[in-house]
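# Structure at a glance
These are the residues of each chain, in order.
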Amino acid sequence: MNKLLKKICTVILSLVVIIGFISSTSINSYAYNSTTINEYINQTASLMYKTIPEPTVASIGGEWTVLSLARSGVKVPKSYYDDYYKRVEQTLKDCDGQLHKIKYTEYSRVILALTAINKDVTNVAGYNLLSYLSDFNKVKKQGINGPIFALIAFDTKNYEIPQDPNAQVQNSRQTMIDYILDKEIYKGTSNAGGWALSGNDPDPDITFMAIQALSNYMDQPKVKEAVDRALTIMSKKQLASGGYSSWGSVNCESTAQAIVALTALGINLDQDSRFIKTDSNGNKKTLVDGMLHFYCEGGGFAHITEGYDGGSGSGTGLNAMATDQGMYALVAYNRYLKGQNKLYNMTDASTTLNIGDNSNLDNKGDNGGNSNNNQSNGNGTGGSGTKPDVTDPPGTNSPGSSSGGNASNGGGSSSGGNTTTSNGQGKTTGDSSGKKTSIPKSGSKNVDTSQNTNKTISIKTVYSGEKDGLIPENKKCVIIEFNEKTDEEIGRFKSSEDEWQNIYYSKELSEKSGIQTYITLIDTSVSKDDLLNIDNYEFHEIESSKDDSDKKEQDYKHPEKYELIFGDVNGDKVVNAQDVLDIQSILCGKIDLANEKQILAINVSMDSKIDNGDIEQIINYFISKSDYTIFTLWNEAGGKSENDEQTSTDGENKNNDNESHKVNQDSKSNTVDRKNTNN
């Protein structure tokens, strides 16, 4: 009997060992415990603390870093958060409470960070930040991105939405929920599911962000149904590596958003078969596996690990935005493992915010040679990555970049100067003399066209900015054609007594017009006569630097900086998906417009705003080579329209030697003051 009992015990013990071994081998291949995740978090927290010593109001090197640290449980000196709060107060004072006229996700992002560090968002330097999100029309100016993050912001601490008697549409939680649901791709059809900034292909970033916002409302049948449809589609889109691809690249940020969304829904990433894949080697891979693929030794994350980074310069090394998003995704996962509130449920901020001295913040965070290839954000590291930040507030960001949001500036297009109006029938209005005509283009756009007497210069005023738009209302876009110019020269225009402004050569427009053509964004106060006066222009040849050690002088070695390619937002001379991502990042507030040249490159639809219309045209351009609206300014023959206006200069100018209306050859030797350039 004892022998039989021993045999039974031996068999049972063997089975336990075998099962345990199999189970442990299987789990270890893709599951992580809190201790392991804590190590990744601690190393990245140290990196953030050292590289972003003074976070400010910004999508890079700002709120996302503060939020990530605050929700991580890592002990951070009180002065770090207090000093950030003081900078927020000062920023609000400096701008009279208006963080941005269009991007109201700025307020959502700041609310998230301040709530995370347990500050009163209803009184920051005397401003109630919640009140700026009480007008739904303002919140939705950025498209779906606005309501997504406003809803997340209000829910962080169950904030009440202030009543605004001046609001065009009073905001409410249900209004934002319904708006998001209405933007579901193929809504109401058998193919419905997921969300995107534009187009009909569900985008992982936006879809998972929408789920994050809707996660608190799963008790509403229509919400649950939409989220379930989205999860089904996203499960199919998940890669064998466990991660996601968005806009042509397998990247960290898309996977990070998935982790935040699924943990918000209470989904176990290690057990839900919908989000566990098998790679080519037969290994099980979860979302955490997919994201840790981008982890940099010593802390932080890369945007991509191989291949082309889209031309933004982030490369395959440490990336600021990827680090931000990777960090708060790890935090979201760790909080799930510990049974704590989800990432954006900050009702526990007063008890979980860990404040105090922490010597480990200074001892760790060495990323072992993984350099950050992004541009400096002024705080020691950071810069925009390759992926447009889909969220202005919370979203794809971090000391790096992510996907972008969509923001419509509203209003119709307005052309500058003396533009006449189209009658809507393809004809133009104006006096019978033909001195003032407009060429109506697609989208009912009007173009004011003028020439000086000897036809040396022709100008077309295409559009002006509008109030509260991304294009300043005091700026107008002018296309300038020169009969006597050469491709190899840089041009500038004397916009005032002491200021010069770059004009950008366009090979594309030159081929359309048949002559040398430049484009610029200039103050609306500049008169047509000044633009038609050749004496106000100066040109010089591209020259090699005499001193290679002088980086400022090296600008002249790069003539591409003075040439504009429509749709090429990041200046890499290629129009591709990365440019679309950058526009999305700009629209959602993740990346600021760098300069006027970037505005000109983006606004291919040639109207008074930058919006999804530009994104769609650029996508069609690099996919099917469809022309932009800007190219319809010329007829198919490539020359000017028969309706081009020929304006006369005064009598004295008519009698001047023609040489005075041509390019002054001596000006080629003049040096451009680089302080006045906008590159």
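Only a predicted model underlies this, so the values are computations on that prediction, with no experimental measurement involved.

### A look at the overall build of the protein
In terms of regular secondary structure, the protein is built from 21 helices and eleven strands. Within the protein, the fraction of its 679 residues that count as buried is 55%. Pairs at least 24 apart in sequence give 71% of the contacts found in the protein among residues at least 6 apart. Total accessible area on the protein stands at roughly 28100 Å², and carbon and sulfur atoms take up 45% of it.

### Things to note about the pairing of strand 9 (residues 500-505)
Among the six residues of strand 9, six are classified as buried, and the element is accordingly described as predominantly covered. Side chains Trp500, Asn502 and Tyr504 of strand 9 all project onto a buried face; the interleaved residues Gln501, Ile503 and Tyr505 project onto the opposite face, where all are buried too.

### A closer look at the state of the cysteines
Enumeration according to the criterion identifies zero disulfides in this entry. Free cysteine: cysteine 296, not disulfide-bonded; nearest cysteine sulfur from cysteine 252 at 8.9 Å.

### Digging into the pattern of salt bridges
A full pass over the atoms with the stated rule returns 17 salt bridges. Salt-bridge contacts for arginine 335 lead to aspartate 348; the nearest nitrogen and oxygen are separated by 2.5 Å. With arginine 335 in helix 13 (residues 320-338) and aspartate 348 in the loop between helix 13 and helix 14 (349-352), this residue pair connects regions lying 13 residues apart in the sequence. Residue class for arginine 335 comes out buried when judged on its relative accessible area of 3%. Since its relative accessible area comes to 11%, aspartate 348 is described here as buried. A salt bridge links lysine 475 to aspartate 523, with the shortest nitrogen-to-oxygen separation between them at 2.7 Å. Of this pair, lysine 475 sits in strand 7 (residues 475-482) while aspartate 523 is found in strand 10 (residues 516-523), placing the two residues 48 residues apart along the sequence. Through salt bridges that share partners, Glu63, Glu106 and Arg109 make up one connected network.

### A word on helix 2 (residues 34-51)
End to end, helix 2 covers 25 Å across 18 residues, agreeing with the expected 26 Å (1.5 Å per residue, within 8%). Listed in full, the buried residues belonging to helix 2 are Ser34, Ile37, Ile41, Gln43, Thr44, Ala45, Ser46, Leu47, Met48, Tyr49 and Thr51. Near the N-terminus of helix 2, the side chain that reaches the backbone nitrogen of threonine 35, with its oxygen 3.2 Å away, is that of asparagine 33.

### Structural notes on the nonpolar core
Counting residues in each nonpolar core, the largest one holds 102 residues, and the members touching the most others are Leu114, Trp195 and Tyr344. Considering each element in turn, this core owes the most residues, eight residues, to helix 13. Of all hydrophobic cores here, the second largest spans 34 residues; its members include Ile583, Ile586, Met606 and Ile619.

### Description of the environment of phenylalanine 136
With respect to the helices, strands and loops of the structure, phenylalanine 136 is situated in helix 6 (residues 136-139). Leave out the neighbours within four places in its chain, and phenylalanine 136 touches Pro147, Val169, Asn171, Thr175, Met176 and Tyr179.

### With respect to the side chain of glutamine 238
Tracing the chain through its elements places glutamine 238 in the loop between helix 10 (221-237) and strand 1 (244-246). We classify glutamine 238 as buried; its relative accessible area is 6%. At 2.9 Å, the side chain of glutamine 238 and the backbone oxygen of glycine 242 are in polar contact. A distance of 3.4 Å separates a polar atom in the side chain of glutamine 238 from the backbone oxygen of phenylalanine 275. Among all residues touching glutamine 238, those that are not within four sequence positions of it are Gly243, Tyr244, Arg274, Phe275, Ile276, Lys277, Thr286 and Leu287.

### Topic: the pairing of strand 6 (residues 457-464)
Counting buried residues along strand 6, eight of its eight residues qualify, which places the element largely inside the surrounding structure. Summarising the sheet, strand 6 and strand 7 pair through seven bridges and their orientation is antiparallel. Each bridged residue has a counterpart across the sheet, and for tyrosine 463 the counterpart in strand 7 is cysteine 477.

### Points about unusual backbone geometry
Phi is positive for asparagine 158, close to 55°, though the residue is something other than glycine. Relative to the helices and strands, asparagine 158 resides in the loop between helix 7 (145-155) and helix 8 (173-182). Positive phi, normally seen in glycine, also occurs at tyrosine 186, with a value near 55°. The residue tyrosine 186 is located in the loop between helix 8 and helix 9 (204-214) in this model.

### Remarks on the packing of helix 5 (residues 105-116) against helix 7
Following both chains from N to C, one finds helix 5 and helix 7 inclined at 25°, their axes separated by 9 Å at the closest point. Taken as axis vectors, helix 5 and helix 7 run roughly parallel relative to one another. With respect to the hand of their crossing, helix 5 and helix 7 are arranged in left-handed fashion. Within the contact between the two elements, helix 5 uses Thr105, Ser108, Ile111 and Leu112 and helix 7 uses Asn145, Gly146, Phe149, Ala150, Ile152 and Ala153. Considered class by class, the residues forming the contact of helix 5 with helix 7 number six nonpolar, four polar and no charged.

### A short note on the packing of aromatic side chains
To describe a pair of aromatic rings, one takes the distance between the centres and the angle between the planes. Evaluation of the coordinates by the stated rule reveals 17 aromatic pairs. Seen in terms of ring centroids, tryptophan 64 and tyrosine 328 are 5.2 Å apart; in terms of plane orientation they differ by 40°. Their pairing is tilted. Here the residue tryptophan 64 occupies a position in helix 3 (residues 63-72), and tyrosine 328 occupies one in helix 13, the gap between them amounting to 264 residues. Residue class for tyrosine 328 comes out buried when judged on its relative accessible area of 0%. Ring geometry for tyrosine 80 versus tyrosine 81: centroids 5.9 Å apart, planes at 75°, classification edge-to-face. Through successive ring pairs, a cluster of aromatic residues spans Phe482, Phe493, Tyr505, Tyr518 and Tyr537. For lysine 119, the ring lying beneath its charged end belongs to tyrosine 85, and the centroid distance is 4.9 Å.

Thresholds applied
- As a convention, each chain's residues are numbered from 1 in the sequence order in which they are written.
- Local features in this predicted model are restricted to residues whose pLDDT is 70 or higher, and side-chain atom pairs enter the listing and the counts only when it is 80 or higher, whereas totals over whole chains, interfaces and linings include all residues.
- Processing note: side-chain calculations cover all non-hydrogen atoms of the structure and skip hydrogens and water entirely.
- Every helix listed is a DSSP run of H or I at least four residues long, and every strand listed is a run of E at least two residues long, numbered separately from the N terminus.
- Only protein chains enter the area calculation, which uses a 1.4 Å probe; residues under 20% of their type maximum are buried, those over 50% are exposed, and those in between are partly exposed.
- Any two residues having at least one pair of non-hydrogen atoms within 4.5 Å are treated as being in contact.
- Each accessible area is a Shrake-Rupley result for a 1.4 Å probe, and residues are judged covered by the shown protein chains and nothing else.
- Cysteine sulfur atoms are paired as a disulfide whenever they fall within 2.5 Å.
- Take a side-chain nitrogen of Lys or Arg and a carboxyl oxygen of Asp or Glu: if they are within 4 Å of each other, that pair is a salt bridge.
- Expected span of a helix, by definition, is 1.5 Å for each gap between consecutive residues, and there is one gap fewer than residues.
- Any pair of N or O atoms that falls within 3.5 Å is considered a polar contact. Within protein, one atom must be able to donate a hydrogen and the other to accept it, and sequence-neighbouring residues count only if both atoms are side-chain atoms.
- Nonpolar core, defined: a set of buried Ala, Val, Leu, Ile, Met, Phe, Trp, Tyr and Cys residues in which side-chain atoms within 4.5 Å join the residues together.
- Strands were regarded as paired on the criterion that DSSP finds at least two bridges between them.
- Here, axes are lines fitted to C-alpha atoms. For helices the fit covers the stretch in contact, and angles between N-to-C directions go from 0 to 180 degrees.
- Here the word oblique covers every angle except those under 35 degrees (roughly parallel), over 145 (roughly antiparallel) and from 65 to 115 (roughly perpendicular).
- By definition, any crossing whose near helix is turned counterclockwise from its far helix by less than a right angle is left-handed, and any crossing with a clockwise turn is right-handed.
- Lys, Arg, Asp and Glu make up the charged group, whereas Ala, Val, Leu, Ile, Met, Phe, Trp, Tyr, Cys and Pro make up the nonpolar group; the residues left over, Gly among them, are polar.
- Stacked, tilted and edge-to-face are the three classes assigned to paired rings of Phe, Tyr and Trp, where Trp is represented by its six-membered ring and a pair needs centres within 6.5 Å; plane angles under 30 degrees give stacked, over 60 edge-to-face, the rest tilted.
- Any Lys NZ or Arg CZ that is within 6 Å of a ring centre and within 35 degrees of that ring's normal is treated as a charge sitting over the ring.

Don't take any of this as a statement about function, it's just geometry.
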